[in-house]
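Now for the letters of each chain:
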Amino acid sequence: MELELNDEIALTADFIRSGNFSRVALQEMFPDELLKDATQVVKALRDRLEAGSESGRVGSGDDKEVGLFVMADTTYGSCCVDEVGASRIDADCVVHYGHTCLSPTSNLPAFFVFGKAPINISNCAKNLSTYALTQGKHIMVLFGLEYSYAIQKIKEALMLESSKLNGSTSNLEFHFADVMSSVMNPSKDCITSTGLLGSTGKFTANEGFGKATGTRYNIGGLVWNLPEGHRIEDYLLVWIGADNSAFANVVLTFNGCDIVRYDAVDDRLVTDLSQQRRILKRRYYLVEKAKDSNIVGLLVGTLGVAGYLHMIHQMKELITAAGKKVYTLVMGRPNPAKLANFPECDVFIYVSCAQTALLDSKEFLAPVITPFEAMLAFNREVLNGMGSQWTGAYVMEFRDLISSSPLEVKNQPEEARFSFLQGGYIEDFDLKENGEEDEDGALALACATEKALQVRDKHPNSLIPGTAKSGAEFFAARSYQGLEMKRNDSSPEPFLIGRTGKASGYEDEKSKENS
């Protein structure tokens, strides 16, 4: 393992010296079998810091000792900067190693070491050039950040390979995304009024998908611009990297584009993405299932990504306005066992970064959806001009949803909603737990009667009543109430002698006596 090459020890040391940091948290994303290499990274980095003059860079003149702390595990998603863990050691900054989503931090500056995954540059260029000639489209190349070091060489190899295949490069236009930055500094102005990163421009995949021109895109730490008059659907998207959460983010966000993936490990071009596209159908099913829910669990999956508090408040307002009960739950890395402790929740909303928010909840008792899917399910007003009908456009970054669709609660009678899953009309609850009641009781009764008659005229049994609207009602209505305790008699009961013998045949069983 070449530490000086793979882990960019010199650049990391320069970042620490330039910021005059004294307590540095190293967020090592090593697997268990390579966790021992973390000590080598720390040793190499400490040697580099002590020999700062040898790197040819002059520091701030402060020779105070720098404390290096290795965080072998993370509180939430490993792709995000673990500011919670770093705060426990009172760190001044975080150095993040490995795969990252480059979500903006809230309090601490961060330096990212993407790593350098191996790739066959010549074969990659040959596969891309050969496939691009058969498409007749402009090509936009996106990539995993672990391959960012090789992009310049891939560009040069594509130029050479295209000239061999076609004699000129005029018919092939390859456009490459750029990496935002390996250094991230939190700022109060980090989030603009639209909830987007102020330093990267406006990401309008959800607003102008298929319509915007001259648009600047930002996804997973990659940024690129489209020329005026070009649409993202006009491009063939090529992903260089593994089939991971970052790629799933691209497939869902740009589901209206043709996408292929170059697998650097198997050294082949994958053109069949039918399995990935089925994810969109699955997400639509979860949206329809969320519409039938009455009790919603709001999972807080990050305490460091900028704007998460705003998103939580916005989700609460959305759920309450939809007449549903919401419970806020804070937990790291949800799994079926953890969420099974909350059986009263019909659906969970996972507020997290874009690359961890998409959970495969097939093994969960209740589905887990994203904030964008929650807006589609619960917001009956206009959502970014799309209405409550899903057009196929998908937004993974919850920061792109902040303040993008202001919630307006209007006092208007609601009709019973038709459920595609239950095959009938459902009467949603109208939560009025704050004691707010209509001034005219007769008017409220008339509205309720009108709503019921609209579906009962032709189908008397078509209106499905709602279930429990709070956790207390759920537990009160279930058949199992726990162990029965005789509260009237507090005296202890006498001991009883239980069975003796083996489970295959106890001594008091008749079968044992007959044998």
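Residues numbered from 1 in each chain as written. Predicted model: local features only at pLDDT ≥ 70, side-chain atom pairs only at ≥ 80, totals over all residues. Heavy atoms only, no water.

On average, residues of the chain score 75 in pLDDT, and 70% of them are at 70 or above. Contacts from residues 382–387, a stretch scored under 50 in pLDDT, to residues over four places away or in other chains number eleven contacts. Across residues 452–458, where pLDDT falls below 50, the model places seven contacts with residues more than four positions away in sequence or in other chains. (pLDDT = per-residue confidence, 0-100. Contact = heavy atoms within 4.5 Å.)

Take the sheet that holds strand S14 (residues 295–300) next. Read across the sheet, four strands follow the order S15-S14-S16-S17 without closing on themselves; strand pairing throughout is parallel. The outermost strands of the open sheet, each flanked by one partner alone, are strand S15 (325–330) and strand S17 (368–369). With five bridges joining them, S14 and strand S16 (residues 347–351) adopt parallel strand pairing. In the strand pairing of S16, valine 300 is matched with valine 351. The strands touched by helix H9 (residues 308–321) within the sheet are S14, S15 and S16, with S14 carrying the most contacts at an inclination of about 180°. (Pairing = 2+ DSSP bridges. Helix = DSSP H or I, 4+ residues; strand = E, 2+ residues; numbered from the N terminus. Axes fitted to C-alpha atoms, helices over the stretch in contact; angles between N-to-C directions.)

Located in the positive-phi region is asparagine 20, a residue other than glycine, with phi close to 55°. For aspartate 90, which is not glycine, the phi dihedral falls at a positive 55°. Structurally, aspartate 90 is set in the loop between helix H4 (83–88) and strand S3 (93–97).

Attention now goes to the side chain of arginine 283. Structurally, arginine 283 can be placed in helix H8 (residues 274–291). On the basis of relative accessible area, arginine 283 is assigned to the buried category, the value being 3%. At 3.2 Å, the side chain of arginine 283 and the backbone oxygen of valine 368 are in polar contact. (Buried < 20%, exposed > 50% of the residue type's maximum accessible area, 1.4 Å probe, protein only. Polar contact = N/O pair within 3.5 Å; in protein donor to acceptor, adjacent residues only side chain to side chain.)

Turning to the packing of H8 against helix H11 (residues 371–378), a few remarks are in order. H11 packs onto H8 with a crossing angle of 50° between their chain directions and a minimal axis gap of 8 Å. Taken together, the axis directions place H8 and H11 in an arrangement best described as oblique. By crossing handedness, the relation of H8 to H11 is classed as right-handed. Contacts between H8 and H11 involve Arg283, Val287, Ala290 and Lys291 from the former and Glu373, Leu376, Ala377 and Phe378 from the latter. Among the residues making up the contact of H8 with H11, the classes are represented as five nonpolar, no polar and three charged. (Parallel < 35°, antiparallel > 145°, perpendicular 65-115°, else oblique. Left-handed = near helix turned anticlockwise from the far one by under 90°. Nonpolar A, V, L, I, M, F, W, Y, C, P; charged D, E, K, R; others polar.)

Next up on the list: the pattern of salt bridges. One side chain can pair with another of opposite charge once the charged atoms of both are near each other. A complete count under the given rule lists seven salt bridges for this structure. Among the salt bridges present, the one from aspartate 266 reaches arginine 268, with a minimum N-O distance of 3.7 Å. Given a relative accessible area of 45%, aspartate 266 falls into the partly exposed group. (Salt bridge = Lys/Arg side-chain N within 4 Å of Asp/Glu carboxyl O.)

Moving on: the side chain of lysine 324. Within the secondary structure layout, lysine 324 lies in the loop between H9 and S15. Owing to a relative accessible area of 4%, lysine 324 belongs among the buried residues under this scheme. Polar contacts involving the side chain of lysine 324 include one to the main-chain carbonyl oxygen of lysine 291, which spans 3.5 Å. A distance of 2.5 Å separates the side chain of lysine 324 from the backbone oxygen of serine 293, its partner in a polar contact.

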